[in-house]
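Reading the structure
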Amino acid sequence: MFYPQIEENNNSRSLINAWYGYNHTYRTNPGEFFDMENMSTELFPVGSVRKVRCKLTDLDDESMRGIIQVDNDVYVLYDRYLWNLSTDVQTDLEDIMGDDWDSEQTLLMMGSYLVMFPLNAYINLNDLEDRGRMESKFTCPTGKEITFTPCNYDGSSLDNLTISDISPQGAKHGDHWLCTNEGEEGTYYYDGYDSMWKPLATSYIKIGIPGVNLSDYFEEGDAVFLNSRISEINNGSVIQKIENDYIVVIGFMKKLTYTDYTSTSWTLEIERKLPTLDYVCTCNNRVWGCHYGIENGEVVNEIYCSKLGDFKNWYVYQGLSTDSFAITVGDMGAFTGCIAFEGNPYFFKERVCYRMYGKIPSEFQIVDKHLEGVQRGSSKSLCIVDNAIFYKGINNVIAFDGANPTVVSAALGNEMYFDGIAGANNNKYYLYCKTDRNKGNIFVYDTLTGLWTKESKEDFIQFTQSVEGQLYAITKDNVYGLGSKNNAIYLRDERVDEEWTSWYAETGEMGYEYPDYKYVSRITLRACVPSRSEIEVLISYDDRPYDAVGVMRGHDDIGSQSLAFNPFRCDHFKIMLKGHGEVRLYSLAMTTEYGSEE
């Protein structure tokens, strides 16, 4: 007896229920998209769309110079103004402008001071009248009498001062002597208790210029450069005392007094100056910088830091813990960026990274590490995200924890990118860069999931770094808010650049992985489509143009909906989803069947 036979059902079903972001390589995995625009990993594993962007300004001219986020305040430099977007207060900075004002500025915070490079200007955000230039130069008017006199540290006269190469006879307690004998040169005072001449630890010179107010130009502790006839005080003398018409510097002179006169052929110049700085950062209450180039016919390849707590002074060398510092590095080639990380400044070239250790100049030491460094032109890609330095390297995007660099950009494919600019928002790294065809792209790396997404571009020139959900960026003429909509500026402002976010997501080639004449016979997309949102589904068979399959439109029901269709039998296919609004992609189910060889 034979029982009825039930034919075996060779159909099978696969389900994609997690969406793994952008993978622009030839072979994508299930749930990855070969190309996309404006998708997000915010709701991972659910596929979602980025938030709408807010346009916070409405300027017509290309006047944006820089942006920085200070706690919950956002400051923008544009035209001749410093604009606090949080309070909508604009401060006119015309009085500290210079020839560099038309250039893009790097903005740093040091205490309550906002410092700007290469303008080399500063402003106290707690006292907007406290502002000026880091560099200062005094040029003495012609027809002035300038006196140089040995003195005490406070500018007072030395008692009973004589000058000779042998010690004076018949001296009294407190008398002073300028010794000019070679090998013993210096200032001495007579100790009547021990009946002997004793050297002063330091000799001082008072430079007097009647009728001028030197306090308008300099402060005590400034290192200044002069063009006086006394060469030993000309290069980086530190002002010990300053009054309206004189300064006191460390130095020794072989005269009881010396007088000079300014004229049309020579005049005294006193200058506080900064080194040339290619890139800057702040770390441990100092500003750090670096420079590579040719100056006065010599190669300069140096790392610098300012005096402790004083961004105006870079040439103070008195043997103190507060001194400035400079060091020459060995690897040739231009610096490409710098950043402070975990209490240490890092300086990059394309093939090396320098890390500075120590808190005071006597302890400073430099350690180099050869790695894929920051790509030239991508200094603004340096950003701290999730306890690592992220940056655009020569060929890759790198995450560097201070010990080991890790390539995180395999999903971006083989396309070459340049001119990286980056910002950080919570655990996301926003990278704007260009291809060799000058096409701009915004890529977002989620450090929590390790996934990339791609957003529509604006021609951004700077980002801020934020930890509270709202990132800001500037183009040449406007400011945009990106990320989550929980910032006070974003919520207050009614100028939203987008009514909704338009998006698309294109899968890689699918179907060719099935052996034995299996083919996909049915595809079902499940998604949540809120009111006023839309998803259009398209399919491309064997690299042919896309054909529309169907549309899912939002309605008041908050539940999900499905769209199912039967694709044509083919070798492989690609699916494109596109639409607008805050949709959520839940799953994509595919039913496969066995077919004949025909």
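Overview of the structure.

Focus on the overall build of the protein
Secondary structure assignment for the protein yields one helix and 52 strands. Each of the three principal axes of the protein carries a C-alpha extent, and together these read 145 × 50 × 45 Å. In the protein, buried positions account for 50% of the 598 residues. Within the protein, residue pairs in contact and separated by at least 24 positions form 59% of the contacts whose partners lie at least 6 positions apart. For the protein, the accessible surface area stands at approximately 28,400 Å², while carbon and sulfur atoms represent 45% of it.

Some remarks on the sheet that holds strand β49 (residues 547-553)
Across the sheet, which stays open at both edges, the five strands sit in the order β2-β46-β51-β48-β49 with antiparallel pairing between neighbours. This sheet does not close on itself; its edge strands, each paired only once, are β2 (33-37) and β49. Averaged over all pairs of adjacent strands, the angle between their axes in this sheet comes to 15 degrees, without regard to strand direction. As defined by bridge partners, strand β48 (residues 534-541) adjoins strand β51 (residues 573-580) across eight bridges and the pair is classed as antiparallel.

Points about a nonpolar patch on the surface
There is a patch of nonpolar side chains on the surface, built from Ile294, Val299 and Met332 and spanning about 330 Å² of accessible area. Mapped onto the elements, Met332 comes out in the loop between β29 (325-328) and β30 (337-341). Look at Met332 and you get exposed, because its relative accessible area is 56%.

Topic: the sheet that holds β30
If you walk across this open sheet you meet the four strands as β30-β31-β32-β33, and the pairing is antiparallel. Two strands in the sheet have a free side with no partner beyond their single neighbour: β30 and β33 (365-370). The mean inter-strand angle of the sheet, taken between neighbouring strand axes irrespective of direction, is 20 degrees. Looking at chain direction, strand β32 (residues 352-357) and β33 are connected through six bridges and run antiparallel. Counterpart to Tyr357 in the pairing with β33 is Gln365.

What to know about the nonpolar core
Among the nonpolar cores identified, the biggest contains 47 residues, and Tyr429, Trp452, Ile523, Ile535 and Phe573 are the most heavily contacted of them. Not counting chain neighbours up to four residues away, the residues in contact with Trp452 comprise Gly21, Tyr22, Val397, Val408, Ser409, Ala411, Leu412, Phe443, Val444 and Tyr445.

Section: the environment of Tyr346
If you trace the backbone, Tyr346 turns up in strand β31 (residues 344-348). C-alpha of Tyr346 to C-alpha of Gly289: the two residues are 57 residues apart in sequence and 10.0 Å apart in space. Within the structure, the side chain of Tyr346 is placed 2.9 Å from the side chain of Arg355, a separation counted as a polar contact.

Here we look at the side chain of Arg65
Take Arg65: it is sitting in strand β6 (residues 64-70). Using a relative accessible area of 11% as the deciding quantity, one classes Arg65 as buried. Not counting chain neighbours up to four residues away, the residues in contact with Arg65 comprise Leu77, Tyr78, Trp101, Asp102, Ser103, Glu104, Gln105, Gln462 and Ile474.

Focus on the environment of Thr180
By the element assignment, Thr180 lies in the loop between β17 (176-179) and β18 (186-191). Its relative accessible area of 23% is what places Thr180 among the partly exposed residues. Apart from the residues within four sequence positions on either side, Thr180 is in contact with Ile163, Ser164, Asp165, Glu185 and Lys254. Reaching out from Thr180, the side chain makes a polar contact with the backbone nitrogen of Asp165 at a distance of 3.4 Å.

As for unusual backbone geometry
Comment: phi is negative for the bulk of residues other than glycine, and the bulk of peptide bonds are trans. Cis geometry marks the peptide bond from Phe44 to Pro45, where omega comes out at 15 degrees. Following Phe117, the chain continues into Pro118 via a peptide bond in cis, with omega recorded as 5 degrees. Residue placement: Pro118 occurs in the loop between β11 (113-117) and β12 (121-124). Here Asn296, not a glycine, exhibits a phi torsion of approximately 55 degrees, which is positive.

Brief notes about the side chain of Thr57
Its place among the elements puts Thr57 in the loop between β5 (54-55) and β6. Its relative accessible area of 1% is what places Thr57 among the buried residues. Polar side-chain contacts of Thr57 include one of 2.9 Å to the side chain of Asn478. In terms of polar contacts, Thr57 uses its side chain to reach the backbone amide nitrogen of Val479, at 2.9 Å.

A few points about the pairing of β12
Along β12, one buried face is formed by Ala121 and Ile123 and the opposite face, lined by Tyr122 and Asn124, is buried too. Sheet topology places β11 next to β12; four bridges connect them, and they run antiparallel. The residue of β12 that forms the bridge with Tyr113 is Asn124. Following β11, the chain reverses through three residues before pairing antiparallel with β12; Asn120 in that reversal takes a positive phi of roughly 55 degrees. Note that β12 and strand β13 (residues 127-133) share four bridges and pair antiparallel. Paired with Asn124 across the strands is Asp127, a residue of β13.

A word on the environment of Ala589
With respect to the helices and strands, the residue Ala589 is situated in strand β52 (residues 584-594). Ala589 sits 575 residues away from Ser14 along the chain, and the two C-alpha atoms are 5.8 Å apart. Beyond its immediate stretch of four places on either side in the chain, Ala589 contacts Arg13, Ser14, Leu15, Arg522, Ile523 and Thr524.

Some details on the pattern of salt bridges
Opposite charge on two side chains lets them pair, provided their charged atoms get close. Within this structure, the stated rule accounts for 21 salt bridges. Residue Arg53 is joined to Glu455 by a salt bridge in which the shortest nitrogen-to-oxygen separation is 3.1 Å. Of this pair, Arg53 sits in the loop between β4 (47-49) and β5 while Glu455 is found in strand β41 (residues 451-455), placing the two residues 402 residues apart along the sequence. Here the salt bridges share partners, and the residues they tie into one network are Glu42, Lys428 and Asp446.

A look at the packing of aromatic side chains
Following the criterion strictly, the structure yields 32 aromatic pairs and no others. Ring geometry for Tyr217 and Phe218: centres 6.1 Å apart, planes at 35 degrees, overall tilted. On the basis of relative accessibility, which here comes to 33%, the residue Tyr217 falls in the partly exposed class. Assessed through its relative accessible area of 3%, Phe218 is described here as buried. An aromatic cluster is built from Tyr22, Phe390, Tyr417, Tyr429, Phe443, Tyr445 and Trp452, whose rings are joined through pairwise contacts. Sitting above the plane of the Tyr246 ring, Lys206 keeps its charged end 4.3 Å from the centroid.

Criteria and thresholds
Residues numbered from 1 in each chain as written. Predicted model: local features only at pLDDT ≥ 70, side-chain atom pairs only at ≥ 80, totals over all residues. Heavy atoms only, no water. Helix = DSSP H or I, 4+ residues; strand = E, 2+ residues; numbered from the N terminus. Buried < 20%, exposed > 50% of the residue type's maximum accessible area, 1.4 Å probe, protein only. Contact = heavy atoms within 4.5 Å. Areas by Shrake-Rupley, 256 points an atom, 1.4 Å probe, with all protein chains shown as cover. Pairing = 2+ DSSP bridges. Axes fitted to C-alpha atoms, helices over the stretch in contact; angles between N-to-C directions. Patch = residues over 30% accessible without salt bridge, like charges linked within 9 Å, V, L, I, M, F, W, Y side chains within 5 Å. Salt bridge = Lys/Arg side-chain N within 4 Å of Asp/Glu carboxyl O. Core = buried A, V, L, I, M, F, W, Y, C linked by side-chain atoms within 4.5 Å. Polar contact = N/O pair within 3.5 Å; in protein donor to acceptor, adjacent residues only side chain to side chain. Phe/Tyr/Trp six-rings, centres within 6.5 Å; stacked < 30°, edge-to-face > 60°. Lys NZ or Arg CZ within 6 Å of the ring centre and 35° of its normal.

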